[in-house]
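Now for the letters of each chain:
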Amino acid sequence: MRHTFLKILTLLFMVHASAQSIEISGNVQDNSGFPIPGVNVIVKNSTKGTVTDFDGNFTLSNVEIGSTLTFSYIGYVTQEVIVSSNAQLNVKLEEDIAKLDEVVVIGYGTQTKKEITGAVSVVGPETIEKLKPTRIEQALQGQVAGVNITTNSGSPGAGSTISIRGVSTNGDSRPLILVDGNVVEDLSVINPSDIQSINILKDATAGIYGVRAANGVILITTKTGRKAMPLTIEYNAWGGFQQTTRKIPVLNATEYAVIVNEAYAAAGSTPPFSDLSSLGIGTDWQDEVFESAPVFNHNISFRGGGEKSTYSYSSSFLTQDGIVGGKKSNFSRFTNAATYNLDFLDNFKFKSGLTLTRTKKNNLPESTLGSVLFNALNMDPTKAVRDSNDEFTLANGLGAEVVNPLAQIANTFNRNKVMKLNGFAGLSYNFLDHFTAEANIQFNYSEVDTYRYDPEDFYGTGKVFNTFTSEVFEGFDIFRDYTFDGFIKYENTFNDDHKLNVLLGTSVFKTTGVFSGRIGRDFRDNNPTSARVDLALDQEDIFEERGSNPKFDGRLLSYFARLQYDYKGKYLLSAVIRRDGSTRFGPGNKFGYFPSGSLGWVISDEEFMGDSNFFDLLKLRASYGILGNDRIGDYRFVSLLTGEGTYFFGGNDAENEVFGKATGGIANPQIKWEKQKTIDVGVDMRILNNKVNITADYFNRRTEDLLVSPQVSGLLGTGAAPVVNAGIVENKGFEFAIGYSDTLGEEFKFNINYNITGLKNEVVSVSGEGEFLEGGAFGISQPEISRMEAGFPLGYFIGYKTDGVFQTQDEVNNAAVTDIATQPGDLKFVDQNNDGVIDLDDRVNLGNPLPDATMGLNISFDYKQFDFSAYAFASIGNEIVRNYERNQQLVNKPIWYLDRWTGSGSTNAAPRQTIGTSPNTLFSDFYVEDGSFVRLQNVQLGYTFSSDNENPIFDQFRLYVSANNLFTLTEYRGYDPTAGTGAPIGGGIDQGIYPSASTFLLGINVKF
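Residues numbered from 1 in each chain as written. Predicted model: local features only at pLDDT ≥ 70, side-chain atom pairs only at ≥ 80, totals over all residues. Heavy atoms only, no water.

Caption draft 1: Just the overall build of the protein chain, in detail. A tally of regular secondary structure across the protein chain gives eight helices and 53 strands. For 1008 residues, the compact-globule estimate of 2.2 N^0.38 gives 30 Å, and the C-alpha radius of gyration of the protein chain, at 33 Å, lies within 12% of that figure. Overall, the protein chain is about 135 × 65 × 65 Å in size when its C-alpha atoms are taken along their principal axes. Burial analysis of the protein chain (1008 residues in total) assigns 50% to the buried set. Sequence-distant contacts in the protein chain: of pairs separated by 6 or more residues, those separated by 24 or more amount to 69%. (Helix = DSSP H or I, 4+ residues; strand = E, 2+ residues; numbered from the N terminus. Rg over C-alpha atoms; globule rule 2.2 N^0.38 Å. Buried < 20%, exposed > 50% of the residue type's maximum accessible area, 1.4 Å probe, protein only. Contact = heavy atoms within 4.5 Å.)

And the structure:
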């Protein structure tokens, strides 16, 4: 009995010893040694815990020895520590890049990727940092499935057309762009170095933003400080040079003279060149026009935060000369951006931001007949740049548009200065535990200062660019807009299983503009430095004297509600209803209702998946919604005197010319909202311990009641065509993206990402049967070559299909021909309707400017202190119209005209050369080429220097070299297969487009 009692006492003593409670204290820091406030410190399998204070310190009482402490904080890997004594604990948390990527910005809030039920793509800061884009659009091409960028021009500062999942309207198809919640129309105001992330909403879930979201939404979040963050300074600088990616091979002087002599002889005229042996190579006008151009960028930023505040400031300067014209096409941008956030109280917060951007862009004529590159291609190579008197050589005999391109550059004085100020301020208040009220105001203010001077100059006989009276234009336009958003959110979780988020809000948008412009003519001298309207002998206010309206005013009023619900994180639901009102529609159609909804199912969380080690995430999602679009001119539902009438009293000359009012566009009080119905079904997967990410989507976007301006009869009188609701356009396709990341050993990390988008665009209807809309110019005085027509892609090319070249006169006599005299050596057109005549009814679909598929491939790896990345992009299945050749007697030709027809059996591909009239200049598939290409977008190699000092001067010092647009593989023979106007009807026509440059850079990145 006594021994049993001793055993019990010993056991109780052992239990007491093992359950001894102690007080634990410690400090939590990040990898840089900075304290992390707000870290959750929890005793595992209990409710006991605390959070770290401002200095990262914590204290916990009554903690049993042997217990496990869990340290967790958003964006960091959760860490567990076993308590063995009451010694001071110093814990360092590692950043969890995967978890940082999980948080995605959506409409009026954020969600984790697991919770998202829509099609959302993310471009992180590392991508932007490696690409070093001068404009943000360049960071999207090839990075995101379903997003296609058409470069409007390769000239410095030129914009791009962004299309998300195809072109769904023949009007304004731009997506809505928000920077920190602020609506931005022009991405040139944003410094790419300031961007933290870019999120793209591609399906019906974009409907939370209403009318402006019909073409998708791009949400840009900029970098800022964080709480308890010491002042961090970062300096980035890069510079280098640019050069053209290619030159179009044209005839040298001797080859040119041979072709010209042959053309004259074919027309029965005397050949102009009698001695070919003396001509040699001649002038390479492209060599004269293109040059190696410098580009430099500097950016410095300051970020940090206190116990209840965060702040940031950045300043950047970019200057970029053009590969055509150098300083004459220079673009410079100076940006200052600042943010400040403050928690007045734990439940009352303030945020604000302000960005000031100043840009200056010098412009040269481009992408049109008579542009600099158009002239460089067509100019006579036997002529020198300057004549014996050191004057620019005249371009006589080369048609009205072709002039000496060097003279054109020298006499071009055209620049735009833009000052843009945009900002935001917001307050949020948490109350009653689960409610948050938030109000935000955003504004944009812009001043556009335009100057153009045309000096007196003579380029040659009959040139359209000849000016006999110098002229100056000075314009000053002001644009203002503001957006007010107010909403209340309710967030709560019931019984640990039911998570509910409800949003109710309103949005008000107003935009106004005021235009002014003056023209001055006839100056005392021809000096550009003193050319100002105030010094002109003849002055004109273009708005006042012509009776034009120099203002606009547009407004939107919206109400919206959203419900988000999930059960156990497995079954996800989101539903949105939005009521939008626009001043662009009449009283009966001003408001529209636009619902959308989405569902998600996280299959990998189901019990029947068991302990599968294959799927880390498997989620199905689907969405459907209706979005509205109002992007037309203001007040087209009423009749306005916005037209211009010109009258002559007392004589038909300038002195008796009087400008007056006239009716503008024909009114249509019945116009209503353009509606887009979009469906998306997708799957998200992460497998093999999150090493592989896969996303796949099928989508169908059907746009109905398109807002278009139809063709109308001249019998209706003056005024532009009315806007009507007519037509249906459908875009459907698939997206697939896969990424693989892994670490081999301890020092080699790599990532491979690939995405592909397949797209089919079709016009379902226009209005009445057989109706179509036209656009797109080719040559001179020819019918428009692009159409919107039922059964075809939007903007397809219509023209004649060729069947080789006529070889003999008998072939000509026995074939259908045009009403233009046809001879052997001319193109043979197919008689599609077999009526024996080649006319407009024989034109057929020759292709379209929209690609069938786009792809992107991104590779990066880090080895020790080296890092390498490469990005490639491909576009497949689109066509481009070659329209940079001028049909005149003495213009130059591309080199492939050496393979022209010279007699029966010589060739069946290229027609004969003649200065006489022929059908060969009619638009046909002879001028249509495959625009498919593969481009190596960027290659970069960097090295980060390490420091063995205990107190290093720099936290990071990285040196890198980078090459952008390194090469392009394509069968297209023009300058750049990626460039175009981006117009829904009339895009894909190349008139000598300014090519995107290859850029070679050296840069540094320093962090203090």
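Back to the text.
Caption draft 2: Geometry of the sheet that holds strand E1 (residues 21-29). An order of E4-E1-E7 is seen for the three strands of this open sheet, with the pairing classed as mixed. Among the strands making up the open sheet, the edge pair consists of strand E4 (57-64) and strand E7 (89-92). Averaged over all neighbouring strand pairs, the angle between strand axes comes to 30 degrees, with direction disregarded. (Pairing = 2+ DSSP bridges. Axes fitted to C-alpha atoms, helices over the stretch in contact; angles between N-to-C directions.)

Caption draft 3: Representation of the pattern of salt bridges. Taken as a whole and judged by the stated rule, the model has 45 salt bridges. For the salt bridge of Arg386 with Asp390, the shortest nitrogen-to-oxygen distance reads 3.9 Å. The exposure class assigned to Arg386 is partly exposed, which follows from its relative accessible area of 37%. The residue Asp697 makes a salt bridge to Arg621 at a minimum N-O spacing of 2.7 Å. In this pair, Asp697 is assigned in strand E35 (residues 692-704) and Arg621 in strand E31 (residues 615-629), connecting sequence segments 76 residues apart. Since its relative accessible area comes to 4%, Arg621 is described here as buried. Ionic contacts of the salt-bridge type, sharing partners, join the residues Arg165, Lys202, Lys619, Arg621, Asp680, Asp684, Asp697 and Glu735 into one network. (Salt bridge = Lys/Arg side-chain N within 4 Å of Asp/Glu carboxyl O.)

Caption draft 4: Local environment of the pairing of strand E29 (residues 571-582). With 12 bridges connecting them, strand E28 (residues 551-567) and E29 associate as antiparallel partners. Counted as the bridge partner of Gln564 is Ser574 from E29. Where E28 folds back onto E29 in an antiparallel hairpin, the turn is made up of three residues, including Lys568, whose phi is positive at roughly 60 degrees. As defined by bridge partners, E29 adjoins strand E30 (residues 591-602) across 11 bridges and the pair is classed as antiparallel. Across the sheet, the residue bridging to Val576 is Ser596, located in E30.

Caption draft 5: Representation of the side chain of Asn215 within the structure. Tracing the chain through its elements places Asn215 in the loop between strand E15 (195-201) and strand E16 (217-222). A polar atom in the side chain of Asn215 sits 3.3 Å from the side chain of Ser168. Within polar-contact distance, the side chain of Asn215 engages the backbone oxygen of Arg174 at 3.3 Å. (Polar contact = N/O pair within 3.5 Å; in protein donor to acceptor, adjacent residues only side chain to side chain.)

Caption draft 6: Spatial organisation of the nonpolar core. If you look at the biggest cluster of nonpolar residues, it comprises 56 residues, and the most contacted ones within it are Tyr256, Val289, Ile323, Val324, Leu398, Val881 and Phe923. For this core, the secondary-structure elements that each account for two or more residues are helix H4 (253-266), helix H5 (285-289), helix H6 (372-378), helix H7 (405-410), strand E44 (827-829) and strand E48 (879-882). In contact with Phe923, other than residues within four places in its own chain, are Phe778, Gln782, Ile785, Phe797, Ile798, Gly799, Tyr800, Leu846, Val881 and Val928. Formed by 21 residues, the second largest nonpolar core is a distinct cluster that contains Ile128, Ile136, Ile149 and Ile220. (Core = buried A, V, L, I, M, F, W, Y, C linked by side-chain atoms within 4.5 Å.)

Caption draft 7: Molecular detail of the pairing of E16. Counting buried positions over the six residues of E16 gives five, a clear majority of the element. By the bridge criterion, four bridges tie strand E13 (residues 176-179) to E16 in an arrangement that is parallel. The partner of Val179 across the bridge, within E16, is Ile220. Across six bridges, the pairing between E15 and E16 is antiparallel. Residue pairing for E16: Ser197 is matched across the bridge by Thr221.

Caption draft 8: Region of the structure containing the environment of Ala237. Turning to its location among the elements, Ala237 is positioned in strand E17 (residues 232-244). In this structure, the C-alpha to C-alpha distance between Ala237 and Leu959, residues 722 residues apart in sequence, is 10.0 Å. Apart from residues no more than four positions distant in its own chain, Ala237 is found in contact with Asn297, His298, Tyr960, Leu1002, Gly1003 and Ile1004.

Caption draft 9: Up close: the environment of Glu438. In this fold, Glu438 is placed in strand E23 (residues 435-454). Along the sequence, Glu438 and Tyr108 sit 330 residues apart, while their C-alpha atoms lie 9.8 Å from each other. Once residues lying within four places of it in the same chain are set aside, the contact partners of Glu438 are Lys351, Leu427, Ser428, Asp485, Gly486 and Phe487. In this structure the side chain of Glu438 is engaged in a polar contact, spanning 3.3 Å, whose partner is the side chain of Asn440.

Caption draft 10: Structural detail: H4. With 14 residues, H4 should reach 20 Å at 1.5 Å per residue; the first-to-last C-alpha distance of 20 Å fits that figure. Within H4, the full set of buried residues consists of Ala253, Tyr256, Ala257, Ile259, Val260, Asn261, Ala263 and Tyr264. Its side-chain oxygen 3.2 Å from the backbone nitrogen of Thr254, Asn252 forms the N-cap of H4. Gly268 occupies a position one or two residues after H4 and carries a positive phi of about 80 degrees. (Expected span 1.5 Å × (residues − 1).)

Caption draft 11: Representation of the sheet that holds strand E2 (residues 40-43). What the four strands build is an open sheet, ordered E3-E2-E5-E6; its pairing is antiparallel. Because the sheet does not close on itself, it has two edges, and the strands there are strand E3 (49-51) and strand E6 (79-82). Sheet twist, expressed as the mean angle between neighbouring strand axes with direction ignored, is 20 degrees. When strand E5 (residues 68-72) meets E6, the two strands line up antiparallel, connected through four bridges. Bridging across to E6, Thr70 finds its partner in Glu80.

Caption draft 12: Examining the environment of Val105 more closely. Turning to its location among the elements, Val105 is positioned in strand E8 (residues 103-106). For Val105, a relative accessible area of 24% puts it in the partly exposed group. Taking the C-alpha atoms as reference points, Val105 and Ser197, 92 residues apart in sequence, are found 9.1 Å from one another. Beyond its immediate chain neighbours, meaning those up to four positions away, Val105 contacts Thr110, Asn199, Leu201, Leu219 and Thr221.

Caption draft 13: Spatial organisation of the packing of aromatic side chains. All chains considered together, the criterion is met by 39 aromatic pairs. Pairing Phe290 with Tyr975 gives two aromatic rings, centres 5.7 Å apart and planes at 80 degrees, and the pair type is edge-to-face. Of this pair, Phe290 sits in the loop between H5 and strand E18 (293-305) while Tyr975 sits in the loop between strand E51 (956-970) and strand E52 (989-990), and the two are 685 residues apart along the sequence. Assigned by exposure class, Phe290 and Tyr975 land together as buried. Residues Phe614 and Phe615 carry aromatic rings whose centres are separated by 4.9 Å and whose planes lie at 90 degrees to one another, so their mutual orientation is edge-to-face. (Phe/Tyr/Trp six-rings, centres within 6.5 Å; stacked < 30°, edge-to-face > 60°.)

Caption draft 14: Geometry of unusual backbone geometry. Although it is not a glycine, Asp390 sits at a positive phi angle of roughly 65 degrees. Of note, the phi angle at Lys864 is positive, near 55 degrees, even though the residue is not glycine. Mapped onto the elements, Lys864 comes out in the loop between strand E46 (853-863) and strand E47 (866-876). With relative accessibility at 52%, the residue Lys864 sits in the exposed group.

Caption draft 15: Structural detail: the confidence of the model for the protein chain. Averaged over every residue, the pLDDT of the protein chain is 87; the share at 70 or more is 92%. Under a pLDDT of 50 for its full length, residues 4-19 has, in the predicted model, two contacts with residues more than four places off or in other chains. (pLDDT = per-residue confidence, 0-100.)

Caption draft 16: Expanded view of a nonpolar patch on the surface. On the surface, Tyr863, Phe866, Leu941, Phe945, Leu959, Val961 and Leu1002 cluster together into a nonpolar patch covering about 620 Å² of accessible area. Listing elements by their share of the nonpolar patch, those giving two or more residues are strand E50 (933-945) and E51. Note on placement: Leu1002 falls in strand E53 (residues 997-1007). (Patch = residues over 30% accessible without salt bridge, like charges linked within 9 Å, V, L, I, M, F, W, Y side chains within 5 Å. Areas by Shrake-Rupley, 256 points an atom, 1.4 Å probe, with all protein chains shown as cover.)

Caption draft 17: Summary view of the side chain of Ser786. Topologically, Ser786 is positioned in strand E41 (residues 786-789). With a relative accessible area of 0%, Ser786 lands in the buried category. Every residue in contact with Ser786, bar those within four places of it in the chain, is listed here: Leu773, Glu774, Gly775, Gly776, Gly795, Tyr796, Phe797, Ile985, Gly986 and Ile989.

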